[in-house]
Amino acid sequence: SNPESVHFRAVQQALFPGTAYGQDSGGDPVAIPDLTFEQFQAFHAQYYHPSNAWFWFYGDDPAGERLRLLDQYLGAFEANPSDSRVEAVA
């Protein structure tokens, strides 16, 4: 692959070992061909879900209206808890 990409990946892994920041966000290019469509779907269903989202609001609009709007868009989803914490590394 591109020498700059290989270098960047090595530096990223050296600076942030054992964390999500040391990983390529698009996946390891070497391992991607081994990923099945079913594995991809399962990962997406677990982590790309409103249960795994954070919402921030600002301004002086009524909090009740904010919650009503969220419920309008997210109320049809069922809870899908997953542990997506990024652990601290000392």
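Residues numbered from 1 in each chain as written. Predicted model: local features only at pLDDT ≥ 70, side-chain atom pairs only at ≥ 80, totals over all residues. Heavy atoms only, no water.

Student: Tell me what's going on with the overall build of the chain, and back it up with residues and numbers.
Tutor: Per the secondary structure count, the chain includes 3 helices and 0 strands. Along the chain direction, N to C, the helices and strands of the chain fall in the order α-α-α. Taken over the C-alpha trace, the chain has a radius of gyration of 19 Å; the compact-globule value for 90 residues is 12 Å, which it surpasses by more than 25%. For the chain, the spread of C-alpha atoms along the three principal axes comes to 50 × 30 × 25 Å. Of the contacts formed within the chain by residues at least 6 apart in sequence, a portion of 58% connects residues at least 24 apart. When the accessible area of the chain is evaluated, it comes to approximately 8,000 Å², of which 60% is carbon and sulfur surface. Charged side chains of the chain number 4 positive and 12 negative; the gap between the two group centres comes to 7 Å. (Helix = DSSP H or I, 4+ residues; strand = E, 2+ residues; numbered from the N terminus. Rg over C-alpha atoms; globule rule 2.2 N^0.38 Å. Contact = heavy atoms within 4.5 Å. Areas by Shrake-Rupley, 256 points an atom, 1.4 Å probe, with all protein chains shown as cover. Lys, Arg positive; Asp, Glu negative; His and termini not counted. Charge placed at Lys NZ, Arg CZ, Asp CG, Glu CD.)

Student: Tell me about the packing of aromatic side chains, and please be specific about residues and values.
Tutor: Counted by the stated rule, this structure contains 5 aromatic pairs. Taking 6.4 Å as the distance between ring centres and 55 degrees as the angle between the ring planes, the aromatic pair formed by Phe 43 and Tyr 48 counts as tilted. Ring geometry for Trp 54 versus Trp 56: centroids 5.9 Å apart, planes at 15 degrees, classification stacked. The class for Trp 54 is exposed, based on a relative accessible area of 69%. For Trp 56, a relative accessible area of 68% puts it in the exposed group. (Phe/Tyr/Trp six-rings, centres within 6.5 Å; stacked < 30°, edge-to-face > 60°. Buried < 20%, exposed > 50% of the residue type's maximum accessible area, 1.4 Å probe, protein only.)

Student: Break down a nonpolar patch on the surface for me, citing the residues and quoting the values.
Tutor: Together, Val 11, Leu 15, Phe 16, Tyr 21 and Val 86 line one region of the surface with nonpolar side chains, adding up to about 490 Å² of accessible area. Examined against the element boundaries, Leu 15 turns out to sit in helix α1 (residues 3–15). (Patch = residues over 30% accessible without salt bridge, like charges linked within 9 Å, V, L, I, M, F, W, Y side chains within 5 Å. Salt bridge = Lys/Arg side-chain N within 4 Å of Asp/Glu carboxyl O.)

Student: Quick rundown of the pattern of salt bridges? Include the residues and the values.
Tutor: By the definition in use, this model includes 3 salt bridges. Here Glu 65 and Arg 68 are joined by a salt bridge, their closest N and O atoms 2.8 Å apart. Taken together, the residues span about one helical turn, with Glu 65 and Arg 68 both in helix α3 (residues 63–74) at a distance of 3 residues. Since its relative accessible area comes to 34%, Glu 65 is described here as partly exposed.

Student: Tell me what's going on with the environment of Pro 33, and back it up with residues and numbers.
Tutor: Mapped onto the elements of the fold, Pro 33 is located in the loop between α1 and α2 (37–47). Note on Pro 33: relative accessible area 65%, which makes it exposed.

Student: Kindly report on the confidence of the model for the chain, identifying the contributing residues and their values.
Tutor: Across the chain, the average pLDDT comes to 87, with 98% of residues at or above 70. Mean pLDDT values for the elements of the chain range from 90 in α1 up to 94 in α3. (pLDDT = per-residue confidence, 0-100.)

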